[in-house]
Amino acid sequence: MEPLINIHSSAVPLPAEDIDTDQIIPARFLKAITKEGFGKNLFRDWRYDKNNDIKGDFVLNNPIYKGQILVAGKNFGCGSSREHAAWALYDYGFRVVISSYFADIFKGNALNNGILPITVSEEELHLIFRRIETDPAHHFDIDLKNQILSIDEKTKILFTIDAFKKECLLKGYDDIDFLLSLDKKITSFEESQIIY
Amino acid sequence: MGKTLFDKIWDAHIVTTVEGGKQVVYIDQHYIHEVTSPQAFNGLKTRNIDLRRKDKIIATTDHNVPTKDQHLPISEPLSRKQVETLLYNCETFGVTCYGLGHKNQGIVHVIGPELGITKPGMTIVCGDSHTSTHGAFGCIAFGIGTSQVEQVMATQCLILNKPKKMRITINGILPKGVSSKDIVLYIISKLTASGGTEHFIEFAGDTISTLSMEARMTICNMSIEMGARGGLIAPDQKTFDYIKGRKHAPDEETWEEAIQFWETLYSDDDADFDTEYSFNAEDIGPMVTYGTNPGMGIRIMDKIPSDKNSKALEYMGLRTGESLLGKEIQYVFIGSCTNSRIEDLRQVAQFVKGKHKAKHITALIVPGSKAVEEQAKKEGLDKIFAAAGFELREPGCSACLGMNEDKVPAGQYCVSTSNRNFEGRQGPGARTILASPLTAAAAAVEGKLVDVTNMV
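Please read all numbers here as calculations on a predicted model, not as lab measurements. (Residues numbered from 1 in each chain as written. Chains lettered and ligands numbered in written order. Predicted model: local features only at pLDDT ≥ 70, side-chain atom pairs only at ≥ 80, totals over all residues. Heavy atoms only, no water.)

A. Structural context of the interface of chain B and chain A. With 71 residues of chain B at the contact, the number on the chain A side is 51 residues. At the junction of chain B and chain A, the tally comes to 8 salt bridges. One salt bridge in this structure joins K31 of chain A and E76 of chain B, with 3.1 Å as the shortest N-O distance. Counting every contact that joins chain B to chain A gives 33 residue pairs in polar contact (both at pLDDT 80 or more). Put simply, the parts of the chain that give the side of chain B that touches chain A at least two residues each are β1 (14-17), β2 (23-26), α2 (38-47), α3 (77-93), α5 (146-155), β8 (157-160) and α10 (252-262) of chain B. Examining the composition of the side of chain B that touches chain A, we find that 7 residues originate from one element, α5 of chain B, more than from any other. (Contact = heavy atoms within 4.5 Å. Salt bridge = Lys/Arg side-chain N within 4 Å of Asp/Glu carboxyl O. Polar contact = N/O pair within 3.5 Å; in protein donor to acceptor, adjacent residues only side chain to side chain. Helix = DSSP H or I, 4+ residues; strand = E, 2+ residues; numbered from the N terminus.)

Structure, rendered in C-alpha cells:
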C-alpha cells in the first residue's frame, strides 16, 4: 500500500446522499480477478448513458472539476461490501473522500487501500460544497499526521481517525503484516477455544 | 452489569487488544465465493503464505453463475474465468468448494445454515455484506472487504473496533399475509438506510420468537440495509431443532454439551444497549419500496411520502402522494439470499396453485441452493410453478444483482424479493420494488401491485 501523508488538491463535489457501492462500481464490472483497472468504470452508469455516450451533466465529465479529493453527501459507500469500490476510486485517482457519514464496510475498505475517509459535520460539508461551487479550482490541504483538513488559512477542521489505521496509512502498512506477527497469540487462543 | 448476547460472543473471541482500543477478533468460519476472493488468493501467493486454517473455510459459486444449463460450461467468458479461478485456487490451497453441479452448491448464505456449518456462538465472515444472514442462529456474522478476506485466510483474525449495540424489539401478532420480509422492510423504512450504522442489532420480542429460522434469516439478512454491521437473534429451541442432524451439526456425543453452551447465549436482563427501538407487529403491513434505497418503503396501503430525494422518484417514474396499489409491473423475481429458501418457495406455490401469471409478466423463481431446488421438485412445487407460468431456474444470486444474464430491462418495474433497490442493481435502468414473496407472487398473478392481506 502506498503511504498517504499530505494532500494538496482541488476537489470533486458529489452532493447526492446514500451513494451505494453499486453506483460506485456496478456489479457487472466485478468479474476481474485482479485489483487493477476499475477506475474506467467508476460511477459507470452516471458517467455514460445506455449507448455508452458521455453524460455531460455528471460532475466527473465536467473538466472544471478535478483532483484527488471526492466530496460526497452523507452515508457514502452504503450497500455491498465490494472492495472494488475502493479500488475503482483509487484507480481513478482519488486519495481522499470527505462526507458527513460513511457506511462501515466502505470506510474499512478505503482505509485498507490507501484512501482516507474524512468525516465532517453537515455544516462543514455544506461549507466545503459552497467553497467548491464558488471556486472549482480551490485547493484544500490535508495533513494526516496532525489530522487537519484546511479549507483555507482561517478555516481548519480537526478530523478523527483511528490511531492504528492512521499509522498504517502514514507508513503504507497493511493490517495483515501486524496480524501475522501475532502468530503465537493466535495459536494459544486456538488451543484454548472450545467450539461445537 | 450484565452482558448482551453480542458481548458474550465478541468477548469470547478476543485474541488481544491493540494500543488505541482496537481488538483482534478470532473468526470461526469463513465463507468465500468467486467474486471477492481472487484478489485475496493473489495476495497470499504474492506473500508466499498458506491458509492458516483450511478446515474453517468453505467456498461456493453463486454471484455470477448462470441459472440455466448449469451442466454446460459457462458461456460468458469473464464469469467462466472467475469461476475457474475459484476452483483452481481452492484446489491449490486445499479448500472445500461446492461448485456448479455439486449437490451442496448454492448462495453462500443459504448453504451455510443448510449444511449446519453456521451455529450459535460463532464468529462468521464472508466477502459479502449479506453475511449478516447467519446472525439468525445467534452468531456474530458480518460482511468484509477483500483485504479482510485475505487477512482471515492468512491469520483467521481481523482487527476491529467493537461496534455499538442496538436492540430492536417487536411484539404482537402479525396481520394476515404479513411476513418477516415485511417486518424488516418496515423497520428499515422507520430507521432509514443509515439508521443502524456502527451498530450490531439484536432482534428480540415475542413476534421474533414465533418466526421460523428461515424467516429469522430474512430479517438478519437485511440488517445491513439499515447500515448495521450485522444483526442477530438469541438461539432457542427452534434454532437447535433446525441444526440437529445436519451435515456439520455436533454429533450425538457432543450434542447435549453444545445445547448447554448455546442456552447461555442470550442478553442478560440488566445488559445495556447503546440504542433501543420497539415496534408493534400489528402496525406492520405488506411492504413495498418506492425509491432507490431500501429505507424508501411504505405499507402497500399508504401513499408515497414527500421526499427530498426527487432523483430517486424520477428514476422510479413515481410521484409523491401516489399510491402503489394497482401499479402495473412487468417482472417478478423470487430469489436471492433474502428469500430463496424452501419456505419462500412453498409460500409462493401455495398462493399460485391453480392460478396463472398475468400475460405481460415475466416471473422468475431462482432457488437459493441445489438442495432447495431438489426439495421443491420432490414436493412437486416445480409443476405448480410451471402450470402458473413461472420459470423455475437453477441456484444462484441471479437478478438480485444482475451479474449474470438475469437482468431487468431499463424502465421496467420488477417486484423483487431481493434486498436492494439501488439504481441499476437489477440491470441498467431497471426499476426495483422490494417486497415479500407473497406480495411478489400476487403481483405476478394480477400483473400489478395488490394488497395480499385481502387475498389470504
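Additional details are given in the paragraphs that follow.
B. The state of the cysteines, seen in detail. Residue and element names in this part refer to chain B. Using the criterion set out here, one finds 0 disulfides over all chains in the structure. We note that C126 lacks a disulfide partner, and the nearest cysteine sulfur, in C397, lies 9.6 Å from it. C139 supplies the cysteine sulfur nearest to C220, a cysteine that is in no disulfide, at a spacing of 8.6 Å. A relative accessible area of 0% places C220 in the buried class. (Disulfide = S-S within 2.5 Å. Buried < 20%, exposed > 50% of the residue type's maximum accessible area, 1.4 Å probe, protein only.)

C. View of the packing of helix α12 (residues 342-352) of chain B against helix α14 (residues 381-388) of chain B. Residue and element names in this part refer to chain B. Where α12 meets α14, the closest approach of the two axes is 10 Å, and the angle between their N-to-C directions is 45°. Compared by their axis directions, α12 and α14 come out oblique. Between α12 and α14 lies a crossing whose hand is left-handed. Of α14, the residues touching α12 (which contributes I342, L345, R346, V348, A349 and V352) are L381, I384, F385 and A388. (Axes fitted to C-alpha atoms, helices over the stretch in contact; angles between N-to-C directions. Parallel < 35°, antiparallel > 145°, perpendicular 65-115°, else oblique. Left-handed = near helix turned anticlockwise from the far one by under 90°.)

D. Broad picture of the pairing of β2 of chain B. Residue and element names in this part refer to chain B. The side-chain alternation of β2 yields two buried faces, one formed by Q23 and V25 and the other by V24 and Y26. Inspection of the sheet shows β1 paired to β2 by 3 bridges, in the antiparallel sense. Residue pairing for β2: T17 is matched across the bridge by Q23. Where β2 lies against β8, 4 bridges are found, and the strand directions are antiparallel. (Pairing = 2+ DSSP bridges.)

E. Seen up close, empty space enclosed by the protein. All names here are of chain B. In the structure shown here, the tally under the stated rule is 5 cavities of 30 Å³ or more. Approximately 220 Å³ is the volume attributed to the largest cavity. Taken together, 22 residues form the lining of the largest cavity, with H63, D128, H130, L401 and R425 sitting closest to its centre. Residues belonging to the lining of the largest cavity are distributed by class as follows: 7 nonpolar, 10 polar and 5 charged. A domain-level breakdown of the lining of the largest cavity finds at least three residues from each of domain 1 (5-160) and domain 2 (290-454). (1 Å grid on protein atoms, 1.4 Å probe; cavity = no way out; pocket = protein on both sides within 12 Å on 5 of 7 lines; lining within 4 Å. Points joined across faces, edges and corners; volume = space filled by probe spheres on them. Nonpolar A, V, L, I, M, F, W, Y, C, P; charged D, E, K, R; others polar. Domains from an automatic or database assignment.)

F. Molecular detail of the side chain of R82 of chain A. Looking at where R82 of chain A falls in the secondary structure, it is placed in the loop between β3 (69-72) and α3 (84-92). Within the local environment of R82 of chain A, its side chain forms a polar contact with the side chain of D22 of chain A, the two groups lying 3.3 Å apart. Residues contacting R82 of chain A, with those up to four places away along its chain left out, are T21, D22, I25, P26, A27, L30 and N109 of chain A together with L401 and R425 of chain B.

G. How the structure looks around the domain arrangement of chain B. Residues and elements named next belong to chain B. Taken domain by domain, chain B consists of domain 1 (5-160) and domain 2 (290-454). The centre of domain 1, based on its C-alpha atoms, is set 28 Å off from the matching centre of domain 2. If you look at the interface, domain 1 gives 25 residues, while domain 2 gives 24 residues. Where domain 1 abuts domain 2, roughly 1,900 Å² becomes buried across the two surfaces, and 55% of that area is made up of carbon and sulfur atoms. Considering only the side of domain 1, the residues that lose the most area to domain 2 are T67, I107 and H130, jointly responsible for 32% of the buried surface there. Linking domain 1 to domain 2 there are 13 residue pairs in polar contact (both at pLDDT 80 or more). (Buried area = accessible area lost by both parts, 1.4 Å probe.)

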